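Fold and contact review
Spelled out from the first residue to the last, the chains are:
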Amino acid sequence: QVQLVETGGGLVQPGGSLRLSCAASGSIFGITVMGWYCQAPGKERELVATVTSGGSTDYADSVKGRFTISGDVAKNTVYLQMNSLKPEDTAVYYCHARKYVGYWYHYWGQGTQVTVSS
C-alpha cells in the first residue's frame, strides 16, 4: 500500500497564493507519476497538474501560468505552488500517484480544502 499525505490547504483571498505539499510512504517503489487533482462541490474530480519521474509536467488549461508543480517523483514528494488564486479554484485538492504493475494502479490522498474568498 501507498499512503499520500497532503498539507498546505486553507483560506486565501482572491489573488493570493498557497503551496500544497504531498509526501508518499509505504510501497513507493515503481511510482512514476505524481500529481494533483481537485473536486469542487457538485463537480467531478479533475486534473490540475502532473509530473513524471522524467520531469515532464502537464497542466489543466485553467491553471496554466498560475500554478506550478514541482518535486521529485523518485523521492516521492510533490508540491503545487498556486498563485493568482481565483474563487473558482475553490475545491478539495487531492494528491495522486500511480505505478504500473501490468496495469496502472492509482493512489489518492485524503484531500485538503482550498477556499478562495474575500
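Everything that follows concerns the structure shown earlier in this document.
The structure contained in this document is the topic of the report that follows. Computed from a predicted model, the values in this text were never measured in an experiment.

With that out of the way, let us pick up the overall build of the chain. Looking only at helices and strands, one finds zero helices and eleven strands in the chain. Taken from the N to the C terminus, the helices and strands of the chain come in the order β-β-β-β-β-β-β-β-β-β-β. Here the C-alpha radius of gyration of the chain, 14 Å, is about what a compact globule of 118 residues would show, namely 13 Å. Reported as C-alpha extents along the three principal axes, the dimensions of the chain are approximately 45 × 25 × 20 Å. Out of the 118 residues in the chain, the part that is buried amounts to 41%. A fraction of 53% describes how many contacts in the chain between residues 6 or more apart in sequence connect residues 24 or more apart. Summed over all atoms, the accessible surface of the chain reaches about 6200 Å², with 50% contributed by carbon and sulfur. Taking the 9 positively charged and 8 negatively charged side chains of the chain as two groups, their mean positions are separated by 5 Å.

Let's shift gears to the layout of surface pockets. In this model, the largest pocket occupies a volume close to 220 Å³. Lining the largest pocket are 17 residues, and of these Cys38, Glu46, Ser62, Glu88 and Asp89 sit closest to its centre. Sorting elements by how many residues they give to the lining of the largest pocket places strand 5 (residues 46-52) first, with three residues. Its residues assigned to classes, the lining of the largest pocket comprises eight nonpolar, three polar and six charged.

Moving on, we get to the pairing of strand 9 (residues 91-100). In terms of burial, strand 9 is a largely internal element, seven of the ten residues being buried. As judged from the eight bridges shared by strand 4 (residues 31-39) and strand 9, these two strands associate in the antiparallel manner. Within strand 9, the position partnered with tryptophan 36 by the bridge is cysteine 95. Here strand 9 pairs with strand 11 (residues 112-116) via three bridges, running antiparallel. Bridge pairing in strand 11 links alanine 91 to valine 114. In this sheet, strand 10 (residues 104-108) lies alongside strand 9 in antiparallel orientation, the contact comprising five bridges. Directly across from arginine 98, in strand 10, lies its bridge partner histidine 106. Hairpin connection, strand 9 to strand 10: the antiparallel pair is bridged by three residues, and glycine 102 has positive phi, about 95°.

What follows concerns unusual backbone geometry. A positive phi is found at asparagine 76, a non-glycine position, where the angle reads about 60°. Along the polypeptide, asparagine 76 turns up in the loop between strand 7 (67-72) and strand 8 (77-82). Unusually for a residue other than glycine, serine 84 sits at a positive phi of about 50°. When you line up the elements, serine 84 lands in the loop between strand 8 and strand 9. Overall, the relative accessible area of 40% leaves serine 84 in the partly exposed class.

Counting residues in each nonpolar core, the largest one holds 32 residues, and the members touching the most others are Leu4, Met34, Trp36, Val48, Leu80, Met82 and Tyr93. When contributions to this core are tallied by element, the ones reaching two or more residues are strand 1 (2-7), strand 3 (18-26), strand 4, strand 5, strand 7, strand 8, strand 9 and strand 11. Once residues within four sequence positions are removed from consideration, leucine 4 is found in contact with Cys22, Ala23, Ala24, Met34, Cys95, His96, Ala97, Tyr107, Trp108, Gly109 and Gln110.

Each value, and the rule that gives it
Residues numbered from 1 in each chain as written. Predicted model: local features only at pLDDT ≥ 70, side-chain atom pairs only at ≥ 80, totals over all residues. Heavy atoms only, no water. Helix = DSSP H or I, 4+ residues; strand = E, 2+ residues; numbered from the N terminus. Rg over C-alpha atoms; globule rule 2.2 N^0.38 Å. Buried < 20%, exposed > 50% of the residue type's maximum accessible area, 1.4 Å probe, protein only. Contact = heavy atoms within 4.5 Å. Areas by Shrake-Rupley, 256 points an atom, 1.4 Å probe, with all protein chains shown as cover. Lys, Arg positive; Asp, Glu negative; His and termini not counted. Charge placed at Lys NZ, Arg CZ, Asp CG, Glu CD. 1 Å grid on protein atoms, 1.4 Å probe; cavity = no way out; pocket = protein on both sides within 12 Å on 5 of 7 lines; lining within 4 Å. Points joined across faces, edges and corners; volume = space filled by probe spheres on them. Nonpolar A, V, L, I, M, F, W, Y, C, P; charged D, E, K, R; others polar. Pairing = 2+ DSSP bridges. Core = buried A, V, L, I, M, F, W, Y, C linked by side-chain atoms within 4.5 Å.

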